[in-house]
Amino acid sequence: MSGGVWQAASAVTARDMLLATRRRADVLTTVFFFAIVVSLFPLGVGAEPAILRSIGPGVVWVAALLASLLALGRLFAGDFEDGTLEQLVLSGESLAMLVLAKVAAHWVATGLPLVLLSPLLGLQFGLPGEALWVLTCSVAIGTPVLSLLGAIGAALTLGVRGAGALTALLVLPLYVPVLIFGAGAVSAAAEGMQAGGHLSLLGAMLFAAVALAPWAIAAAVRIGLE
Amino acid sequence: MLEAFDIACVRGSRDLFRQLSFRVVTGSALRIRGSNGAGKTSLLRILSGLSPLDEGRVSWNGQTLDKFGDDYAKQLLYVGHSNALKGHLSALENLRLGLAIQGIEVSDIQAATALATEGLDATADIPVQWLSAGQKRRVALTRLMFCRVRPLWILDEPFSALDEEAIYRLSGRIVQHLNSGGVVVYTTHQDIEIDAAVQTLELQ
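The structure contained in this document is the topic of the report that follows.

Scoring rules and cut-offs
- Each chain carries its own residue numbering, running from 1 in the direction its sequence is written.
- Each chain gets a letter, beginning with A, and each ligand a number, beginning with 1, in the order they are written.
- Given that the model is predicted, a residue must reach a pLDDT of at least 70 before its local features are reported, and side-chain atom pairs must reach 80 or more before they are shown or counted; all residues, however, enter totals for whole chains, interfaces and linings.
- Working definition: helices are DSSP H or I runs of at least four residues, strands are E runs of at least two. Numbering for both runs from the N terminus.
- The globule rule used for comparison is 2.2 Å times the number of residues to the exponent 0.38, while the radius of gyration itself is calculated over C-alpha atoms.
- Labels follow a simple rule on C-beta atoms placed from the backbone: if 20 or more others lie within 10 Å of a residue's own, it is buried; if 12 or fewer, it is exposed; otherwise it is partly exposed.
- This entry defines residue contacts through backbone-placed C-beta atoms, with two residues in contact when those atoms are within 7 Å.
- Basically, the charged four are Asp, Glu, Lys and Arg, the nonpolar ten are Ala, Val, Leu, Ile, Met, Phe, Trp, Tyr, Cys and Pro, and anything else, Gly included, counts as polar.
- By definition, two strands form a pair when at least two bridges between them are found by DSSP.
- A fitted line through C-alpha atoms serves as each axis, taken over the contacting stretch for helices, and the angle formed by two N-to-C directions is quoted from 0 to 180°.
- In these notes the angle categories are as follows: under 35 degrees is roughly parallel, over 145 is roughly antiparallel, 65 to 115 is roughly perpendicular, and the rest is oblique.
- Crossing chirality is assigned from the near helix's rotation relative to the far helix, an anticlockwise turn below a right angle marking it left-handed and a clockwise turn marking it right-handed.

The number of helices and strands found in chain B is seven helices and nine strands. What you see for chain B is a C-alpha radius of gyration of 17 Å, in line with the 17 Å of a compact globule of 204 residues. Each of the three principal axes of chain B carries a C-alpha extent, and together these read 50 × 35 × 30 Å.

A separate point is the overall build of chain A. Helix and strand counts for chain A come out as nine helices and zero strands. Helices (α) and strands (β) of chain A occur, in sequence order from the N terminus, as α-α-α-α-α-α-α-α-α. Computed over C-alpha atoms, the radius of gyration of chain A comes to 18 Å, within 12% of the 17 Å expected from 2.2 N^0.38 for 226 residues, which places it in the range of a compact globule. Viewed in the frame of its principal axes, chain A has a C-alpha envelope of about 55 × 35 × 30 Å. For chain A, the residues scored as buried account for 50% of the 226 residues in total. Contacts spanning at least 24 positions in sequence make up 79% of the contacts within chain A whose residues lie at least 6 apart.

The interface is formed by 24 residues belonging to chain A together with 25 residues belonging to chain B. Elements with a minimum of two residues in the side of chain A that touches chain B: helix H1 (3-22) and helix H4 (84-89) of chain A. A total of 10 residues in the side of chain A that touches chain B trace back to one element, the largest contributor, which is H1(A). Per-class residue counts for the side of chain A that touches chain B are 10 nonpolar, seven polar and seven charged.

With that settled, consider the sheet that holds strand E6 (residues 76-79) of chain B. Sheet strands pair via backbone hydrogen bonds, and the direction of the pair is either parallel or antiparallel. Residues and elements named next belong to chain B. In spatial order, the strands read E6-E7-E8-E3-E9; together these five strands make up an open sheet with parallel pairing. Of all the strands in the sheet, the pair left with one neighbour each is E6 and strand E9 (197-202). In this sheet, adjacent strand axes meet at a mean angle of 15° when their direction is disregarded. Looking at chain direction, strand E3 (residues 28-33) and strand E8 (residues 183-187) are connected through four bridges and run parallel. Paired with Arg 31 across the two strands is Tyr 186, which belongs to E8.

We now examine the sheet that holds strand E5 (residues 63-64) of chain B. Residues and elements named next belong to chain B. Taken together, the four strands give an open sheet; going across it, the order is E2-E1-E4-E5, and neighbouring strands pair in antiparallel fashion. The sheet terminates laterally at strand E2 (14-24) and E5, the two strands that pair on one side only. Pairing analysis gives two bridges linking strand E4 (residues 55-60) to E5, with the strands arranged antiparallel. By the bridge assignment for E5, Ser 59 is matched with Thr 64. Packed on one face of the sheet, helix H1 (residues 40-48) meets strand E1 (2-11), E2 and E4 and runs near 125° to E1.

What follows deals with the environment of A:Phe32. Counting through the fold element by element, A:Phe32 comes out in helix H2 (residues 24-45). Along the backbone, A:Phe32 and A:Thr21 are 11 residues apart, and their C-alpha atoms lie at a distance of 17 Å.

Residues and elements named next belong to chain B. The residue Asn 61 is not glycine, and still its phi comes out positive at about 50°. Within the fold, Asn 61 resides in the loop between E4 and E5. Of the residues examined, Asn 61 has 13 C-beta atoms within 10 Å and is grouped as partly exposed. Of note in this structure, Ala 84 is not a glycine but carries a positive phi near 55°. For Ala 84, the location among the structural elements is in the loop between E6 and helix H4 (91-101).

Take helix H6 (residues 133-142) of chain B next. An α-helical turn contains 3.6 residues, so any two residues separated by three or four positions project in the same direction. Residues and elements named next belong to chain B. Taken across its 10 residues, H6 has eight buried, putting it largely inside the fold. Along H6, the positions that sit buried rather than exposed are Gln 135, Lys 136, Arg 137, Arg 138, Val 139, Ala 140, Leu 141 and Thr 142. In this fold, the buried residues of H6 make contact with E6, H4, helix H5 (108-117) and helix H7 (164-179).

Residues and elements named next belong to chain A. It is at 10 Å that the axes of helix H5 (residues 95-110) and helix H7 (residues 129-156) come closest, and there the two elements cross at 130°. Comparing the axis directions of H5 and H7 gives the class oblique. Pair H5 / H7 crosses with right-handed handedness. Contact residues: H5 offers Val 99, Val 103, His 106 and Trp 107, while H7 offers Thr 143, Pro 144, Ser 147, Leu 148 and Ala 151. The residue inventory of the contact of H5 with H7, partitioned by class, reads six nonpolar, three polar and no charged.

Let us now look at the pairing of E1(B). All names here are of chain B. Taken together, the seven bridges between E1 and E2 define a ladder with antiparallel strand orientation. Its bridge partner lying in E2, Arg 11 is registered against Arg 14. What sits between E1 and E2 in their antiparallel hairpin is a turn of two residues, with Gly 12 showing a positive phi close to 65°. With five bridges joining them, E1 and E4 adopt antiparallel strand pairing. Paired with Ala 8 across the strands is Glu 55, a residue of E4.

Given below as structure tokens:
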């Protein structure tokens, strides 16, 4: 791989990170959405500690999943409209690497805040310390997978009316394994069992997603621009 | 040298153009004319490799585009209808990062100097979204100054929204590029003098 790819990819990340700092409202929307959705459950279900502890892992994970889905709308749509996506395709570097750089920046702006917030929200459900730690780890490993899978859906719906709802329909089924093993890891830890197996599987999903998703995203972007 | 042999573009059930052939030799330009919706932008997107070819073939320096692959993009500069600018970034940031993504490293000083020659020095640091349409177009076209290494320029309505002075500078830049062995393909509705070999292609 030539040095040009790294330069171009780091420029893509730099630009998107700079944009994220300029448009803080976008980042905050995702974070607040996550916090509010998670906080609604104790209010709705009632303050029974045993119930909260058992639903906690699932609730935090479903909310993280929906929050990352919410953020997908901004991944390619803006670039598609203002023509920067065309320039990305025409940079002459590997488009897969450039979209990977884009997804990485997107994850730092929208996924990382979820990781940092999740132990705090887990506390609301009375999760024990070990489970909070596993929750943070599982969200940290799982949300990049969500971003990568979601990016495929976002790229496939480029320029389509009602792209948000369509993206949700496309990617939510793909999110299911991440949800099962993510929430499963936390539940296991909360019940005093080993969460290592679940986390390893999540890690395997992350490796597979990093290796394969960029090519699918790049192909989808090219089709979207035709 | 850019050549097209019997190319066609079909949108739905409608033929935008069919059996279109032309050759643009090194150092000359091709101006594409036609009414709105005649397929000018579609043709440019095909020539840039963004859209696939429905029929025929396009070759650059004797090699067809599909054989070139990603390297073809390294040969060309495409300025599309949209300016490829981020509204929340300044002209300077847009220019520098946009070029870096294209693999062209530019220092802040170089970028600032280039913007100054375009008369944009006073507005180089404010978010591009606050600029007028003509100023945005000029920011987008400042890229041309750093893209002399890319022999083929494909410009979609480059003169739109520009004032007289900017039009003069841009046509001068096109001539300069042609004289140094480049090829330029552009569309425009305005009759602008380009002091070089320009052939016109009329799309029906």
